[in-house]
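Here is how the chains run, residue by residue.
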Number of protein chains: 2
Amino acid sequence: MGESAEAPARAKKKARPRLGRGTLTREIIVDAALRILDEGQVNALTFARLGKELGASPTAMYRHFSSRDQIVTAVADELIRLSIEGYEPAASWMDSLRDLAYRAWRTFAEHHAAAMHTFYRVTLGPNEIRVVDAILEAIHDAGWRGRDAVFNYQMYANMVLALSGRNAAMLTAAAEAGMEPGGFWVQEYRPAHPEEFPYVTELRDELQIRDGFAVFQGQIEALLMAMKATLPSSA
Amino acid sequence: MGESAEAPARAKKKARPRLGRGTLTREIIVDAALRILDEGQVNALTFARLGKELGASPTAMYRHFSSRDQIVTAVADELIRLSIEGYEPAASWMDSLRDLAYRAWRTFAEHHAAAMHTFYRVTLGPNEIRVVDAILEAIHDAGWRGRDAVFNYQMYANMVLALSGRNAAMLTAAAEAGMEPGGFWVQEYRPAHPEEFPYVTELRDELQIRDGFAVFQGQIEALLMAMKATLPSSA
DNA sequence: CGATATAGTCAACGTTATTCACTTATATTT
DNA sequence: AAATATAAGTGAATAACGTTGACTATATCG
């Protein structure tokens, strides 16, 4: 056994001591995973990278998750938690739904690489059910019940996730390609025969608008307005 | 030289003869890629799989595309082409936009694994500009011009892509997990403390609805209705 | 203090995208 | 038609990836 403690840095490769027993938990791993994804690259989340981030062996994660996919699903539920942290129902159901929608947009934009992997998943996790209940509460306050309530819930929730998710995916793809954040909102067409595409040609300059959030706001307002118009007895 | 033609099957491993020069083209590769993705698995599209599908060396693809990502982008433009094949403007701008929306939904659902990789990309390809022009034509017919036209175009196009794309992603994830196609539209919560989530508990049974297209229809109608309501001079 | 199960580690495997040196089929030139 | 050039298909090699199984240390319980 000798004096291995004397010059450990010079030793073959074993610089890192073994981690203690309770060092890793699901939460710690999920936090690290989110931190790694927040650097922006879609494929940055690898077991090797997780190991480096936590000073652990890459395979240590398998003691807490049975696959990479399970880690991603846990990150998805964490994203949901972040988005509803501190949420309180507003005075009107429309304001509640607006608030929840903007929260999702903001969280997904902030953690876009993580959101890209998660926006189409149903985690069935502990936080997801909280949001679902919060949305259903607003729907209930508006006056819908039963099947109608669920249909309106579906239209709203699915739309918020889809729009926020696509924005996150575009942000990630833009970062990956080295473009500026709003890059993928810009559509710059230079057709060989402009006369074939008169409308694109006419609006060439205006198509460069890149304020994704304003578009999102417009879409949410459109849905809320249409929902309100179909309210059973709002008179 | 010699009589290698006599027993080629017995030879070491070289069963396949070398392909002729014009055998592979971008189109042929894209078609094969789409065929492979249509089998349903997200990660089925590999160079090895492409090679097998085309009877070619996996690395042959690099003579026509410089990376896997470029193949996926080409598949994206092909999806766009498929979705507008045979499209003709309808009598009213709303019917045109409905038609284009349903086409996108159908194409994305049919080729969901491919759509999952492509719905957030701006391909700037030859087919994309055709759809953009078709949408802008309907917007023009409705009466919008300039900046307003572009904003309404953004709301519409972004929403159709996001909703159809999320549906495609859910279909793919469900296939991957061995669920039935509508699996991810079902949200079945069994909370430990039902009284904490009264609205989820009350609507437990109705939450199992799985008709994604009906929801999509509702969302599109909501947007069209809201757009119509803001038309400048429709009176 | 010693047994035991749990959590972290290490080496290995099969796949993956990508690169590079090569070879051969076709198009062009003479 | 023969010679040449060049683009297109090939195969071996590499590094990184997720996952597995055998191992080994450590915290806790009796």
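Here we summarise the structure given alongside this text. (Residues numbered from 1 in each chain as written. Chains lettered and ligands numbered in written order. Predicted model: local features only at pLDDT ≥ 70, side-chain atom pairs only at ≥ 80, totals over all residues. Heavy atoms only, no water.)

**A few points about the overall build of chain A**
Here is step 1 of the chain: Helix and strand content of chain A: 9 helices and 0 strands.
Here is step 2 of the chain: The order of helices and strands in chain A, counted from the N terminus, is α-α-α-α-α-α-α-α-α.
Here is step 3 of the chain: At 23 Å, chain A has a C-alpha radius of gyration far larger than the 18 Å of a compact globule built from 235 residues.
Here is step 4 of the chain: In terms of principal-axis extent, the alpha carbons of chain A reach across some 85 × 55 × 25 Å. (Helix = DSSP H or I, 4+ residues; strand = E, 2+ residues; numbered from the N terminus. Rg over C-alpha atoms; globule rule 2.2 N^0.38 Å.)

**A closer look at the packing of helix α1 (residues 26-37) of chain A against helix α2 (residues 47-54) of chain A**
Residues and elements named next belong to chain A.
Here is step 1 of the chain: Following both chains from N to C, one finds α1 and α2 inclined at 110°, their axes separated by 10 Å at the closest point. Between α1 and α2, the angle is such that the two are roughly perpendicular. On α2, the residues touching Ile28, Ile29, Ala32, Ala33, Arg35 and Ile36 of α1 are Arg49, Leu50, Glu53 and Leu54.
Here is step 2 of the chain: By residue class, the composition of the contact of α1 with α2 is 7 nonpolar, no polar and 3 charged. (Axes fitted to C-alpha atoms, helices over the stretch in contact; angles between N-to-C directions. Parallel < 35°, antiparallel > 145°, perpendicular 65-115°, else oblique. Contact = heavy atoms within 4.5 Å. Nonpolar A, V, L, I, M, F, W, Y, C, P; charged D, E, K, R; others polar.)

**So, the protein's contact with DNA strand D**
Here is step 1 of the chain: Around DNA strand D lies a shell of 24 residues, among which B:Arg16, B:Arg18, B:Arg21, B:Ser57 and B:Arg63 are the nearest.
Here is step 2 of the chain: Contact distances for DNA strand D include 3.0 Å between a phosphate oxygen and a backbone N or O atom of A:Phe47.
Here is step 3 of the chain: B:His64 is positioned such that a nitrogen or oxygen atom in its side chain is 2.8 Å from a phosphate oxygen of DNA strand D.
Here is step 4 of the chain: Residues belonging to the surface near DNA strand D are distributed by class as follows: 7 nonpolar, 8 polar and 9 charged. (Near = heavy atom within 4 Å. Polar contact = N/O pair within 3.5 Å; in protein donor to acceptor, adjacent residues only side chain to side chain.)

**With respect to the nonpolar core**
Here is step 1 of the chain: A:Trp93 and B:Trp93 are the most contacted members of the largest nonpolar core, which totals 163 residues.
Here is step 2 of the chain: The residues touching A:Trp93, leaving out its near neighbours within four places in the chain, are A:Ala138, A:Asp141, A:Ala142, A:Trp144, A:Leu224, A:Met227, A:Lys228 and A:Leu231. (Core = buried A, V, L, I, M, F, W, Y, C linked by side-chain atoms within 4.5 Å. Buried < 20%, exposed > 50% of the residue type's maximum accessible area, 1.4 Å probe, protein only.)

**Some points on empty space enclosed by the protein**
Here is step 1 of the chain: Counted under the stated rule, the structure contains 6 cavities of 30 Å³ or more.
Here is step 2 of the chain: Each pocket or cavity is described by its volume, and for the largest cavity that value is around 450 Å³.
Here is step 3 of the chain: Around the largest cavity, the lining comprises 30 residues; the ones closest to its centre are B:Ile80, B:Val131, B:Ile135, B:Ala157 and B:Leu161.
Here is step 4 of the chain: Looking at the lining of the largest cavity, the elements with two or more residues in it are α7 (146-176) of chain A together with α3 (68-84), α4 (93-110), α6 (126-142) and α7 (146-176) of chain B.
Here is step 5 of the chain: Its residues assigned to classes, the lining of the largest cavity shows 21 nonpolar, 6 polar and 3 charged.
Here is step 6 of the chain: Its boundaries defined by the atoms lining it, the second largest cavity holds a volume of some 360 Å³.
Here is step 7 of the chain: Lining the second largest cavity are 24 residues, with A:Ile80, A:Val131, A:Ile135, A:Ala157 and A:Leu161 sitting closest to its centre. (1 Å grid on protein atoms, 1.4 Å probe; cavity = no way out; pocket = protein on both sides within 12 Å on 5 of 7 lines; lining within 4 Å. Points joined across faces, edges and corners; volume = space filled by probe spheres on them.)

**Section: the interface of chain A and chain B**
Here is step 1 of the chain: Each partner contributes residues to the interface: chain A has 56 residues there, and chain B has 55 residues.
Here is step 2 of the chain: Buried area between chain A and chain B, summed over both chains or domains, comes out near 5600 Å², and the portion from carbon and sulfur atoms is 73%.
Here is step 3 of the chain: For the chain A face of the interface with chain B, the top three residues by lost area are A:Tyr120, A:Arg166 and A:Tyr199, together amounting to 13%.
Here is step 4 of the chain: The tally of links from chain A across to chain B stands at 0 salt bridges.
Here is step 5 of the chain: Applying the counting criterion to the chain A and chain B interface returns 14 residue pairs in polar contact (both at pLDDT 80 or more).
Here is step 6 of the chain: Residue assignment for the side of chain A that touches chain B shows that the elements contributing at least two residues are α6 (128-142), α7, α8 (198-202) and α9 (212-229) of chain A.
Here is step 7 of the chain: The dominant element in the side of chain A that touches chain B, judged by the number of residues it contributes, is α7(A), at 17 residues.
Here is step 8 of the chain: Within the side of chain A that touches chain B, the residues separate by chemical class into 38 nonpolar, 7 polar and 11 charged. (Buried area = accessible area lost by both parts, 1.4 Å probe. Salt bridge = Lys/Arg side-chain N within 4 Å of Asp/Glu carboxyl O.)

**Examining the protein's contact with DNA strand C**
Here is step 1 of the chain: In the region of DNA strand C, 25 residues are neighbours, and A:Arg16, A:Arg18, A:Arg21, A:Ser57 and A:Arg63 sit closest.
Here is step 2 of the chain: Each atom of DNA strand C within 4 Å of the protein belongs either to a base or to sugar and phosphate, the latter forming 56%.
Here is step 3 of the chain: At 3.4 Å from a phosphate oxygen of DNA strand C is found a main-chain nitrogen or oxygen belonging to A:Leu19.
Here is step 4 of the chain: The separation between a phosphate oxygen of DNA strand C and a polar main-chain atom of B:Arg68 is 2.9 Å.
Here is step 5 of the chain: Along the lines of polarity and charge, the residues of the surface near DNA strand C split into 7 nonpolar, 9 polar and 9 charged.

**Some thoughts on the environment of A:Val122**
Here is step 1 of the chain: By secondary structure assignment, the location of A:Val122 is in the loop between α5 (112-118) and α6.
Here is step 2 of the chain: Considered as a pair, A:Val122 and A:Ser67 are 55 residues apart in the sequence and their alpha carbons are 17 Å apart.
Here is step 3 of the chain: Setting aside its immediate chain neighbours within four residues, A:Val122 contacts A:Glu128, B:Phe184 and B:Gln187.

**Considerations on the layout of surface pockets**
Here is step 1 of the chain: Considered as a void within the structure, the largest pocket measures approximately 1400 Å³ in volume.
Here is step 2 of the chain: If you go around the largest pocket, you meet 43 residues; those closest to its centre are A:His117, A:Tyr120, B:Val42, B:Met116 and B:His117.
Here is step 3 of the chain: Taken together, the residues of the lining of the largest pocket sort by class into 24 nonpolar, 10 polar and 9 charged.

**Things to note about the environment of B:Gln217**
Here is step 1 of the chain: Following the sequence through the fold, B:Gln217 ends up in helix α9 (residues 212-229).
Here is step 2 of the chain: Separated by 119 residues in sequence, B:Gln217 and B:Arg98 have C-alpha atoms that sit 8.8 Å apart.

**Some points on the side chain of B:Arg98**
Residue and element names in this part refer to chain B.
Here is step 1 of the chain: Structurally, the position occupied by Arg98 is in helix α4.
Here is step 2 of the chain: Side-chain polar atoms of Arg98 contact the side chain of Glu221, separated by 2.7 Å.
Here is step 3 of the chain: Aside from chain neighbours lying at most four places away, what touches Arg98 is Glu221 and Leu224.

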